[in-house]
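This is what each chain is made of:
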Amino acid sequence: MSGVIADVTVRAAARAKALGAQEALETLRQELEQVPRLGVLLSAPHQDGVEVRKTRIEPREGVPGLAVAYVYTPAPPPPTVAIVAVTPDDGVASE
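This is a predicted model, so every value here is computed, not measured. (Residues numbered from 1 in each chain as written. Predicted model: local features only at pLDDT ≥ 70, side-chain atom pairs only at ≥ 80, totals over all residues. Heavy atoms only, no water.)

Q: Got a minute to help me understand the sheet that holds strand S1 (residues 5–8) in this structure?
A: Neighbouring strands of a sheet are bound in pairs by backbone hydrogen bonds; such pairs are parallel or else antiparallel. Spatial ordering of the open sheet is given by S1-S5-S4-S3-S2, a layout of five strands whose pairing is mixed. Strands with a single pairing partner mark the edges of an open sheet, and in this sheet they are S1 and strand S2 (40–41). Pairing of strand S4 (residues 66–73) with strand S5 (residues 80–88) involves eight bridges; the strand directions are antiparallel. Looking at the pairing, Val 71 lines up with Ala 82 of S5. Against the sheet, helix H1 (residues 10–18) contacts S1 and S5, and its axis sits at roughly 40° relative to S5. (Pairing = 2+ DSSP bridges. Helix = DSSP H or I, 4+ residues; strand = E, 2+ residues; numbered from the N terminus. Contact = heavy atoms within 4.5 Å. Axes fitted to C-alpha atoms, helices over the stretch in contact; angles between N-to-C directions.)

Q: Just checking my understanding: could you explain the pairing of strand S3 (residues 51–57) for this structure?
A: It is a general feature of regular strands that their side chains alternate between the two faces of the sheet. Burial along S3 is one-sided: the residues Glu 51, Arg 53, Thr 55 and Ile 57 are buried and none of Val 52, Lys 54 and Arg 56 is. Here S3 runs beside S4; their pairing, made up of seven bridges, is antiparallel. From the neighbouring strand, Glu 51 faces S4, where its bridge partner is Tyr 72. (Buried < 20%, exposed > 50% of the residue type's maximum accessible area, 1.4 Å probe, protein only.)

Q: What am I meant to see in the environment of Pro 45 here?
A: Locating Pro 45 in the fold gives a position in the loop between S2 and S3. Put simply, Pro 45 and Tyr 72 are 27 residues apart on the chain and 9.7 Å apart in space, counted from C-alpha to C-alpha. Look past the residues within four positions of Pro 45 in its chain and what remains in contact with it is Val 50 and Glu 51.

Q: How should the pairing of S4 be read in this particular structure?
A: Of all eight residues in S4, six are buried; the element is thus mostly enclosed. Hairpin connection from S4 to S5: six residues lie between these consecutive antiparallel strands.

Q: It is not clear to me how the pattern of salt bridges should be interpreted in this structure. Could you clarify?
A: This structure, assessed with the given rule, holds six salt bridges. A salt bridge links Arg 29 to Glu 33, with the shortest nitrogen-to-oxygen separation between them at 2.8 Å. Of this pair, Arg 29 and Glu 33 both sit in helix H2 (residues 22–34), four residues apart, roughly one helical turn. On the basis of relative accessibility, which here comes to 22%, the residue Glu 33 falls in the partly exposed class. Between Arg 56 and Asp 89 there is a salt bridge whose closest N-O contact spans 2.5 Å. (Salt bridge = Lys/Arg side-chain N within 4 Å of Asp/Glu carboxyl O.)

Q: How should the nonpolar core be read in this particular structure?
A: When a protein is soluble and globular, its nonpolar side chains tend to lie buried together. The biggest cluster of nonpolar side chains holds 20 residues, and the ones touching the most others in it are Leu 25, Leu 32 and Ile 83. Only H1, H2, S4 and S5 provide two or more residues apiece to this core. Dropping the residues within four chain positions of it, Ile 83 is found in contact with Asp 7, Val 8, Thr 9, Ala 12, Leu 25, Arg 29, Leu 32, Val 68, Ala 69 and Tyr 70. (Core = buried A, V, L, I, M, F, W, Y, C linked by side-chain atoms within 4.5 Å.)

Below is the structure:
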């Protein structure tokens with residue numbers, strides 16, 4: 001999918017900076033512009049099509065694994081993605 005605009009909130013950007021993950025988050029932001037429905041759906045889509053989703057950035061040298069929450073909004077055009085939260089991810093699946 002193209003034509004999607006993805007951005008990072010000020011709070012998520014600050015958290016990524018504190019974790020040394022700005023580059024990894026920017027790579028994810030660019031990927032979300034191409035594939036805005038990565039990861040898992042956290043709740044049923046809203047009636048207007050808005051989805052809250054979560055994906056993961058794998059650990060890299062000097063950067064922990066990260067859980068990244070974002071909101072996908074298909075309308076009004078153009079579709080948008082807002083990365084709203086970045087948190088360290090211990091890699092343990094919740095049950």
